[in-house]
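Examination of the molecular architecture
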Amino acid sequence: MNKTNENIKKCHKCLIKSNAANKLNFTELDELDESCVQVTFKASEIIFKQGALSSNIIYLSSGLVKIVIDGPNREQILKVIKAPCYLGIPTTVGDKINHYSAIALEKTTACFVDVSTFKNFIKLNSDFAYEVILDLCKNELDQFQRCVNLVQLQMHGRMAKQLLFFANEIYCSDEFELPLNRNDFANLLCSSREIVSKILSEFNNEGIISLNGKKIKILDKEKLQFIYQNG
DNA sequence: GCATTAACCACAG
DNA sequence: CTGTGGTTAATGC
């Protein structure tokens, strides 16, 4: 965790401002600047922890993160999320204490914004507030979608969907390296590492993907789409 | 019954 | 940490 606050007025110059932050005027950006600290994390470092007091809104400016919650029986990976995005608006605004943890999957940089500053923007700048709501709504829709998929699709369908998600949404490439080991990947899909192993090598043998450890190349996207839609 | 799906276990690189 | 094979339980023709 290295502080990188050598730049003065860094928020003004920031090229990856959130849609919300783009609605802030000059003075507000000054305020943001004063209440904002940028931190970098290495893979597997904890960005914030479930149960801890949360007094910051976190904006991911680069990197990849997994959101994890302690369930009744074991920990559950809720989702994998890519910068740029807000992290944990619900967990910071909705309660004093974090309801889930965020863990970096690769080198990640995050801006910690004081929650009172953030709340002030919401109260005083309706364009900012609207963008925040939009973001929250999109997230909720995504989660609903993921929820039905997990509950109603069989494993092959869930796997196909997840591979398509990594290719289309996260890496924007049909060739990528899984950011998770088999256990975590299984956890994300609500399954077991054994099944994940078996299905991946099945897809590999059928020429749908080419598999080499964590390196995956999607060879037949239509087939994956078909598997996702049919079972 | 019989087939399919997926979890759990054991064992091996 | 992974991959495979066997066993088992649940569910659906």
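Residues numbered from 1 in each chain as written. Chains lettered and ligands numbered in written order. Predicted model: local features only at pLDDT ≥ 70, side-chain atom pairs only at ≥ 80, totals over all residues. Heavy atoms only, no water.

Focus on the sheet that holds strand S12 (residues 215–218)
If you trace the three strands from one edge of the open sheet to the other, you get S10-S12-S11, paired in antiparallel fashion. Both edges of this open sheet fall to strand S10 (175–177) and strand S11 (209–212), since each of them pairs with a single strand only. Between one strand axis and the next, the sheet turns through 15 degrees on average, direction left out of account. (Pairing = 2+ DSSP bridges. Helix = DSSP H or I, 4+ residues; strand = E, 2+ residues; numbered from the N terminus. Axes fitted to C-alpha atoms, helices over the stretch in contact; angles between N-to-C directions.)

Focus: helix H6 (residues 155–170)
Look at H6: 21 Å from first C-alpha to last across 16 residues, which is about the 22 Å you get at 1.5 Å a residue. Taken together, the buried positions of H6 are Met155, Gly157, Arg158, Met159, Ala160, Gln162, Leu163, Leu164, Phe166, Ala167 and Ile170. Once H6 ends, the next one or two residues include Cys172, with phi positive near 50 degrees. (Expected span 1.5 Å × (residues − 1). Buried < 20%, exposed > 50% of the residue type's maximum accessible area, 1.4 Å probe, protein only.)

Section: the sheet that holds strand S3 (residues 46–48)
Strands in a sheet are paired, the pairing made by backbone hydrogen bonds, and the direction either parallel or antiparallel. The strand order across the open sheet formed by four strands is S3-S8-S5-S6, and the pairing between neighbours is antiparallel. Single-partner strands in this sheet number two, and they are S3 and strand S6 (75–82). Across this sheet, the average inter-strand angle for adjacent strands is 30 degrees, counted without regard to direction. Here strand S5 (residues 64–70) runs beside strand S8 (residues 101–104); their pairing, made up of four bridges, is antiparallel. Bridging across to S8, Ile67 finds its partner in Ala102. The strands touched by H6 within the sheet are S5 and S6, with S6 carrying the most contacts at an inclination of about 30 degrees. (Contact = heavy atoms within 4.5 Å.)

Quick notes on the protein's contact with DNA strand B
What surrounds DNA strand B is the set Gln154, Met155, Cys190, Ser191, Ser192, Arg193, Glu194, Ile195 and Lys198. Atoms of DNA strand B within 4 Å of the protein: sugar and phosphate make up 60%, bases the balance. At 3.5 Å from a phosphate oxygen of DNA strand B is found a side-chain nitrogen or oxygen belonging to Ser192. Ranked by residues supplied to the surface near DNA strand B, first place goes to helix H8 (residues 193–205) with four residues. Split into classes, the residues belonging to the surface near DNA strand B amount to three nonpolar, three polar and three charged. (Near = heavy atom within 4 Å. Polar contact = N/O pair within 3.5 Å; in protein donor to acceptor, adjacent residues only side chain to side chain. Nonpolar A, V, L, I, M, F, W, Y, C, P; charged D, E, K, R; others polar.)

Quick look at the domain arrangement of chain A
According to the domain assignment, chain A contains domain 1 (2–144) and domain 2 (153–230). Distance from the C-alpha centre of domain 1 to the C-alpha centre of domain 2: 28 Å. Between domain 1 and domain 2, the residue contacts involve 10 residues of the former and 12 residues of the latter. Taken together, the two surfaces of domain 1 and domain 2 that pack against each other cover about 930 Å², and 59% of this comes from carbon and sulfur. Summed over the three residues of domain 1 that lose the most area to domain 2, namely Ile77, Val80 and Lys82, the buried surface amounts to 51% of that side. At the junction of domain 1 and domain 2, the tally comes to one salt bridge. The partner of Asp184 in a salt bridge is Lys66, and the shortest N-O contact between them spans 2.7 Å. For the side of domain 1 that touches domain 2, the secondary structure elements donating two or more residues are S5 and S6. The greatest single-element share of the side of domain 1 that touches domain 2, amounting to six residues, is contributed by S6. (Domains from an automatic or database assignment. Buried area = accessible area lost by both parts, 1.4 Å probe. Salt bridge = Lys/Arg side-chain N within 4 Å of Asp/Glu carboxyl O.)

Some words on the protein's contact with DNA strand C
Near DNA strand C the following residues occur: Asn181, Arg182, Arg193, Glu194, Ser197, Lys198, Ser201 and Lys214. Sugar and phosphate atoms constitute 44% of the interface atoms of DNA strand C, taking the interface as everything within 4 Å of the protein. Within the side chain of Arg193, a nitrogen or oxygen atom sits 2.9 Å from a base oxygen of DNA strand C. In the environment of DNA strand C, a phosphate oxygen lies 2.6 Å from a nitrogen or oxygen atom belonging to the side chain of Ser197. Here the surface near DNA strand C is composed, by residue class, of no nonpolar, three polar and five charged.

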